[in-house]
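Given next are the chains, with one letter for each unit.
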Amino acid sequence: MSVLKITDVSKNFAGNTVAVDKFSLDVADGELVCLLGPSGSGKSTLLRMVGGFERPTAGQITIDGDDITHLPPERRPTGMVFQSHALWTHMNVFKNLAFGLKLRGLPKDEIKQKVDAVLELVGLSGYGTRGVNQLSGGQQQRVALARSLVLEPKILLLDEPFASLDQHLRERLREEVRDIQQRLKITTLFVTHGQDEALAMADRIVVMRDGRTEQIDRPDVVYREPQTPFVAGFIGTMNLIEGQVANGRFTHAGFGLDIPIPDGPATVAIRPEVLDLTASDDGVAVVHRVTDYGTHGLVDLDLSDGTRLKSMVAHPDLFSAGQKVDLQPKAIAAYRNNARVYRS
Ligand SMILES: Nc1ncnc2c1ncn2[C@@H]1O[C@H](COP(=O)(O)OP(=O)(O)OP(=O)(O)O)[C@@H](O)[C@H]1O
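Every chain's residues receive numbers from 1 upward, in the order its sequence appears when written. Since the coordinates come from a predicted model, pLDDT governs what is reported: local features require at least 70, and pairs of side-chain atoms require 80 or more to be given and counted, while whole-chain, interface and lining totals use all residues.

## Section: the overall build of the chain
At step 1: Scanning the chain from N- to C-terminus turns up 8 helices and 21 strands.
At step 2: For the chain, with 344 residues in total, the buried portion stands at 35%.
At step 3: Whether two residues are in contact depends on their C-beta atoms, placed from the backbone: they are in contact if these lie within 7 Å. Long-range pairs, those at least 24 residues apart, make up 64% of the contacts in the chain with a sequence separation of at least 6. In this text, helices come from DSSP runs of H or I with a minimum length of four residues, and strands from runs of E with a minimum of two, each type numbered from the N-terminal end. Residues with at least 20 other C-beta atoms within 10 Å of their own are called buried, those with 12 or fewer are called exposed, and the rest are partly exposed. The C-beta atoms themselves are positioned from the backbone.

Dropping the structure here:
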């Protein structure tokens, strides 16, 4: 059952910037949906409209069937965690967490019980008396999450909560947050421009572009079956080759493939892990660089017009810069007019 329903929501800023354009999305109970897209695609604006920090120009947002489109943030059953955690630095951790509960008029012992429970949930038991400034960046972000969770929101809204943390900590925290989210079964909308984060955490990913949905699907589907060249190029590493189809054959710069689609321009997409190489004196590509990552190798290669492609290989030592190679893709997709028209 859908808990959060966003219907035809738009946001136009002054100066005619259309940040969000007739956007619709249903989020099911307990689901974690990631809004993923490049900078400026409207992710934060959309999240802020759900949280009540931005007013939609048009459209409707409901939670459990109640229209919340024009309610202020404090009257919505939502909890938002921002990129800059905005903790109160003059208060200790306990007071930061107790603040919202106090406003709700809860008795002292119940506040203590709830704060202790949420501190345990985020792995910070015993940190109540610490000053916020005495915590690491990761700990501060956990407190920010706890401050939202302690108010038991129906919907948790996370706006790039790990953006300021280093890679290692980011990976650890996203696992922790996913664990907590699944344990609490809390419906969550999560904004990120990190595709790894989205692939690792989401039940479904919304790929956004120019304020609109480009694709909504499970992470594995978004990765394996991107519906547009934009999604293909945005998620994971993808070789995109723009060429022409004539008589069922796609060609570009000496590279050719049989594709049973009508004549005309097409974009072919091939993942590096399914682009096999064989050394050949009259090969269509030249190896530019070979990188050995230990577990696998990555070969950068150029077609005759300079189009750069990537191939993942099991034995990088078989290849070297300057070598000519032939390409054998094991799986391809072809796009025309921004839609997928073929997949092998
Ligand atoms: N307060 C504002 N006034 C005017 N334009 C705005 C405002 N906030 C956002 N925009 C514009 O709306 C568009 C979408 O911005 P938004 O911040 O939602 O994108 P985003 O996908 O979250 O980007 P990022 O990943 O960089 O945070 C951008 O063109 C942005 O410049």
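So that's the structure; there's more coming.
## Re the sheet that holds strand 3 (residues 32-36)
At step 1: Here, strands pair whenever DSSP counts at least two bridges between them. In spatial order, the strands read 6-7-8-3-9-10; together these 6 strands make up an open sheet with mixed pairing. Because the sheet does not close on itself, it has two edges, and the strands there are strand 6 (78-81) and strand 10 (212-217). Mean inter-strand twist for the sheet, computed between neighbouring axes without regard to direction, equals 20°.
At step 2: Two strands pair when backbone bridges link them, and strand 3 and strand 9 (residues 204-209) are joined in this way by 4 bridges, in the parallel orientation. In the strand pairing of strand 9, Cys34 is matched with Ile205. The axes are straight lines fitted to the C-alpha atoms, using for helices just the contacting stretch, and the angles between their N-to-C directions are given from 0 to 180°.

## Quick word on the nonpolar core
At step 1: Core analysis: the largest hydrophobic core is formed by 80 residues, its most contacted members being Cys34, Leu35, Val50, Ala146, Leu189 and Val206.
At step 2: The start and end points of each domain follow an automatic or database-based domain assignment. Two domains each put at least three residues into this core: domain 1 (2-231) and domain 2 (238-343).
At step 3: Contacts of Leu189, omitting those with residues within four sequence positions, involve Val27, Val33, Leu35, Leu47, Val50, Ile155 and Leu157. Remark: nonpolar core denotes a set of buried Ala, Val, Leu, Ile, Met, Phe, Trp, Tyr and Cys residues whose joining runs through C-beta atoms within 7 Å.

## Concerning the domain arrangement of the chain
One widely used convention gives an interface's size as the accessible area the parts lose upon coming together.
At step 1: Partitioning the chain into domains gives domain 1 (2-231) and domain 2 (238-343).
At step 2: Computed from C-alpha coordinates alone, the two centres of domain 1 and domain 2 are separated by 39 Å.

## Remarks on the site of the ligand
At step 1: Residues in close proximity to the ligand include Phe13, Thr17, Ala19, Gly37, Ser39, Gly40, Ser41, Gly42, Lys43, Ser44, Thr45 and His193, which together make up its full environment.
At step 2: Counting only elements with at least two residues in the shell around the ligand, the list comes to strand 2 (17-28) and helix 1 (43-51).
At step 3: In the shell around the ligand, the residues fall into 2 nonpolar, 9 polar and 1 charged. Being near a molecule or strand means, for a residue, that its backbone-placed C-beta atom lies within 6 Å of it. Amino acids are sorted into nonpolar (Ala, Val, Leu, Ile, Met, Phe, Trp, Tyr, Cys and Pro), charged (Asp, Glu, Lys and Arg) and polar (every other residue, Gly among them).

## Focus: the sheet that holds strand 4 (residues 58-63)
At step 1: Taken in spatial order, the 4 strands line up as 2-1-4-5 in an open sheet, and their pairing is antiparallel. With partners counted over all chains shown, the strands left at the sheet margins are strand 2 and strand 5 (66-67), one partner each.
At step 2: In the sheet, strand 1 (residues 2-13) pairs with strand 4 via 5 bridges, with the strands oriented antiparallel. Paired with Leu4 across the strands is Ile63, a residue of strand 4.
At step 3: Each of strand 1, strand 2 and strand 4 is contacted by helix 1, which is oriented at about 120° to strand 1, the strand it contacts most.

## Things to note about the packing of helix 2 (residues 93-103) against helix 4 (residues 137-149)
Angle between the axes and distance between the axes: these two values describe a pair of packed helices.
At step 1: Remark: helix 2 packs on helix 4, axes separated minimally by 8 Å, with the N-to-C direction vectors making an angle of 25°. Here helix 2 is positioned roughly parallel relative to helix 4, judged by the angle of their axes. Classified by chirality, the crossing of helix 4 by helix 2 is right-handed. Between helix 2, through Val93, Asn96 and Leu97, and helix 4, the contact on the second element is made entirely by Val143, Ala146 and Arg147. Note that the term roughly parallel is reserved for angles under 35 degrees, roughly antiparallel for angles over 145, roughly perpendicular for angles of 65 to 115, and oblique for everything else. Left-handed is the label given to a crossing in which the near helix is rotated counterclockwise from the far helix by less than a right angle, and right-handed is the label when the rotation is clockwise.

## Observations concerning helix 4
At step 1: For a helix, the expected span equals 1.5 Å multiplied by the residue count minus one. End to end, helix 4 covers 18 Å across 13 residues, agreeing with the expected 18 Å (1.5 Å per residue, within 8%).
At step 2: When we look at burial in helix 4, the residues that qualify are Gln140, Gln141, Arg142, Val143, Ala144, Leu145, Ala146, Arg147, Ser148 and Leu149.
At step 3: Looking at the buried side of helix 4, the elements it contacts are strand 6, helix 2, helix 3 (108-121), strand 7 (155-159) and helix 5 (167-184).

## Quick word on the environment of Asp217
At step 1: Inspection of the secondary structure puts Asp217 in strand 10.
At step 2: Asp217 sits in the partly exposed class, given 18 other C-beta atoms within 10 Å.
At step 3: For the pair Asp217 and Met49, spaced 168 residues apart in the sequence, the C-alpha separation amounts to 22 Å.
At step 4: Ignoring any residue separated from it by four or fewer positions in sequence, one finds Asp217 in contact with Arg204, Ile205 and Val222.

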